[in-house]
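Structural overview for review
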Amino acid sequence: MNTLAPATAAQAQQEIADEFAFFGDWTERYQYLIDLGKQLPPFPEDKKTEDYRVHGCQSMVWLVPSGDASNMHFDAASDSAIVSGLIALVLRVYSDRPAAEIVATEPAFIQEIGLAKHLSPTRSNGLAAMLVRLKAYAAAQL
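Residues numbered from 1 in each chain as written. Predicted model: local features only at pLDDT ≥ 70, side-chain atom pairs only at ≥ 80, totals over all residues. Heavy atoms only, no water.

Contact geometry of helix α1 (residues 9-21) with helix α2 (residues 26-38) gives a least axis separation of 10 Å together with a crossing angle of 130 degrees. Between α1 and α2, the angle is such that the two are oblique. In this structure, α1 contributes E19, F20 and A21 to the contact, and α2 contributes R29, Y32 and L33. Among the residues making up the contact of α1 with α2, the classes are represented as 4 nonpolar, no polar and 2 charged. (Axes fitted to C-alpha atoms, helices over the stretch in contact; angles between N-to-C directions. Helix = DSSP H or I, 4+ residues; strand = E, 2+ residues; numbered from the N terminus. Parallel < 35°, antiparallel > 145°, perpendicular 65-115°, else oblique. Contact = heavy atoms within 4.5 Å. Nonpolar A, V, L, I, M, F, W, Y, C, P; charged D, E, K, R; others polar.)

Before going further, it helps to spend a moment on the environment of P41. Within the secondary structure layout, P41 lies in the loop between α2 and β1 (61-68). Each C-alpha atom, one on P41 and one on A77, is 8.9 Å from the other, the two residues being 36 residues apart in sequence.

Time to look at the pairing of β1. Examined bridge by bridge, β1 and strand β2 (residues 71-78) share 8 bridges and lie antiparallel to one another. Across the sheet, residue S66 finds its bridge partner in β2, namely H73. Taking the residues between adjacent antiparallel strands as the criterion, β1 and β2 are bridged by 2 residues. (Pairing = 2+ DSSP bridges.)

Two side chains with opposite charge may pair up if their charged atoms get near one another. Per the counting criterion, the structure on display carries 4 salt bridges. The residue E45 makes a salt bridge to K48 at a minimum N-O spacing of 3.2 Å. Owing to a relative accessible area of 32%, K48 belongs among the partly exposed residues under this scheme. Between K135 and E106 there is a salt bridge, with the nearest N and O atoms lying 3.5 Å from each other. Placement of K135 in helix α7 (residues 121-141) and of E106 in the loop between α4 (99-104) and α5 (108-112) is noted, with a sequence separation of 29 residues between them. Several salt bridges share partner residues, and in doing so they unite E15, E19 and R92 into one network. (Salt bridge = Lys/Arg side-chain N within 4 Å of Asp/Glu carboxyl O. Buried < 20%, exposed > 50% of the residue type's maximum accessible area, 1.4 Å probe, protein only.)

Quick look at the structure:
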């Protein structure tokens, strides 16, 4: 995982696609997702509240926005290893960006790396719910 955030969400999505292209099968890709999730910064226990919970996911997911329209930051966590990896990807694309860019950016990386075909329906629903919530937070800043 890169420590420097790419300049744009589109660049972040391209980097994700390039990284996943290195792996030959989905067993390796799932392991990479789990490894990415383990690299998420610690999430404060006091933020694991109903206010920040993302509904629609089988596992528990919390998403906390901060910042303003010029630069929004998101912290997130899950009790699931694979979902934590999905969070790491979503944060790479959407966190620390202007609200307008967040709202305008479609999550093309999901199709590009084949996630759409390899996630269970409940994980797909949860990922969609997380993206809807994240974009709603950004839209509220505009």
